[in-house]
Amino acid sequence: MHRSANPLHIGHLRLDNRLILAPMAGMLRLSLRMAYRRAGAAMTCVGVIDAGAIVKSGSDRLVNVLGRQEITNVAEEPVCVQLIGADTGLMAAAAERIEQQASIIDLNFSGPIQRLVDRGYGASSLLGDPQHIEKIVAAVVSRVKVPVTVKIRVGFQGDDVDVLRVAKGCEAAGAAAIVVHGRTVSQGYSGTPCWDWIRRVKQAVSIPVVGNGGVHSPLDAVAMLEQTGCDFVMIGTAAFLNPMIFNQIHHYMTAGTLPSTSATLTLLKFFRHYWRTVRQIDGYGPRKFLKRSCRHFLHLRSYMQRIQEGTIAL
Ligand SMILES: Cc1cc2nc3c(=O)[nH]c(=O)nc-3n(C[C@H](O)[C@H](O)[C@H](O)COP(=O)(O)O)c2cc1C
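Before going into details, it helps to say that this report is about the structure given with it. Computed from a prediction, not measured in an experiment: that's the story for all the values here. (Residues numbered from 1 in each chain as written. Predicted model: local features only at pLDDT ≥ 70, side-chain atom pairs only at ≥ 80, totals over all residues. Heavy atoms only, no water.)

**Some thoughts on the nonpolar core**
Right, so step 1: Tyr36, Leu83, Leu107, Phe109, Phe240 and Phe270 are the most contacted members of the largest nonpolar core, which has 84 residues in total.
Right, so step 2: Broken down by element, this core gets its largest block of residues, six residues, from helix α12 (residues 286-309).
Right, so step 3: What Tyr36 contacts, discounting residues up to four positions off in sequence, is Leu21, Leu28, Ala41, Ala239, Phe240, Pro243, Phe246, Phe270 and Phe297.
Right, so step 4: Residues Ile10, Leu13, Met43 and Ile104 belong to the second largest nonpolar core, which totals 17 residues. (Core = buried A, V, L, I, M, F, W, Y, C linked by side-chain atoms within 4.5 Å. Buried < 20%, exposed > 50% of the residue type's maximum accessible area, 1.4 Å probe, protein only. Helix = DSSP H or I, 4+ residues; strand = E, 2+ residues; numbered from the N terminus. Contact = heavy atoms within 4.5 Å.)

If you want it as structure tokens, here you go:
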């Protein structure tokens, strides 16, 4: 059983446990993210907030690259807000402007979507330019007090990114942690991740490392912690397929047993948490919760199933 001696800190921020809900732009409204906090995630993330749009609008509204506004809330904290952009000055200015709404600011150098790269967001294309990444990290770190983290991938097509150089550069530039998604850019969101890169990054840097990619069960989470030595595990698509996965991992890590409940019962347990946060945040009654929130969740769940199977490429 995993008994890590690693601290639970990212910079000055202490998390309650080692499990983080991944950023998934457009998929996770505030009430849904808060339901995952109730169901055992130590931190949630808001994905791909457009640094350029924040600066140009002159406001601190969190607008993501899909043009949708995101909201964070003190009750959700700790929450990580992720910025995307390739311009050093814009990234630093945007970070300063949104700092009040974030417990951590993450910089996205992992986004595989070509149209984002084409529109000048940088994203994973910057992995080929470690010096530029370092400049962005240093500029953002110098402007905010909250910890700044970086999310990377482990290659474009294969072993074609100097992952350790990128990771060490981010550390030297002041990053408080590195999230390593163990897939290459060309793998998108499915296919087998290479966890060994997470292990290699962990050995190369002294800041905390968050492992990400392919954690679908409590057994996977413990295996990732043990095989890579990473400090935190980030879970994306599996949070929709098994929304009680965070609780189940805690249970497995403490009691050593796996739940024997059916998928339907698991879903109902999660919807109990979700109902509370929807009532609190969205102000819906039971009918609207069932018709809107639950139905939308089930729709996203089948979408995530197809992403995991590789039948949808984003
Ligand atoms: C629909 C969707 C949206 C995503 N949006 C973001 C995002 O905004 N920022 C980001 O860094 N990663 C994003 N990701 C990637 C996830 O954060 C995560 O790295 C990826 O799903 C791998 O984790 P998993 O194997 O546990 O699903 C997204 C993934 C999906 C499927």
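**Overview of the packing of helix α6 (residues 163-172) against helix α7 (residues 195-204)**
In a packed pair of helices, the relevant descriptors are the angle between the two axes and the axis-to-axis distance.
Right, so step 1: Where α6 contacts α7, the two axes come as close as 10 Å, and the packing angle between them is 40 degrees. One element, α6, and the other, α7, form an angle in the oblique class. Relative to α7, α6 is oriented so that their crossing is right-handed. Contacts between α6 and α7 pair Val163, Leu164, Ala167, Lys168 and Glu171 from the former with Trp197, Arg200, Val201 and Ala204 from the latter. (Axes fitted to C-alpha atoms, helices over the stretch in contact; angles between N-to-C directions. Parallel < 35°, antiparallel > 145°, perpendicular 65-115°, else oblique. Left-handed = near helix turned anticlockwise from the far one by under 90°.)

**Here we look at the packing of aromatic side chains**
Right, so step 1: Going through the model one piece at a time under the given rule, you end up with 13 aromatic pairs.
Right, so step 2: With 6.1 Å between their ring centres and 75 degrees between their planes, Tyr36 and Phe246 make a pair best called edge-to-face. Here Phe246 lies in helix α10 (residues 245-255) and Tyr36 lies in helix α1 (residues 30-38), a separation of 210 residues in the sequence. For the pair shown, Tyr36 and Phe246 are each scored as buried.
Right, so step 3: Their ring planes at 45 degrees and their centres at 5.3 Å tell us that Trp275 and Phe289 sit as a pair that is tilted. Of this pair, Trp275 sits in helix α11 (residues 263-282) while Phe289 is found in helix α12, placing the two residues 14 residues apart along the sequence.
Right, so step 4: The buried category is assigned to Phe289, whose relative accessible area is 6%. (Phe/Tyr/Trp six-rings, centres within 6.5 Å; stacked < 30°, edge-to-face > 60°.)

**So, the site of the ligand**
Right, so step 1: The immediate surroundings of the ligand are formed by 23 residues, with Pro23, Gln82, Asn212, Gly214 and Thr237 found nearest.
Right, so step 2: Gly236 places a main-chain nitrogen or oxygen 2.9 Å from an oxygen atom of the ligand.
Right, so step 3: When contributions to the shell around the ligand are tallied by element, the ones reaching two or more residues are β4 (44-50) and α12.
Right, so step 4: Its residues placed into classes, the shell around the ligand shows eleven nonpolar, ten polar and two charged. (Near = heavy atom within 4 Å. Polar contact = N/O pair within 3.5 Å; in protein donor to acceptor, adjacent residues only side chain to side chain. Nonpolar A, V, L, I, M, F, W, Y, C, P; charged D, E, K, R; others polar.)

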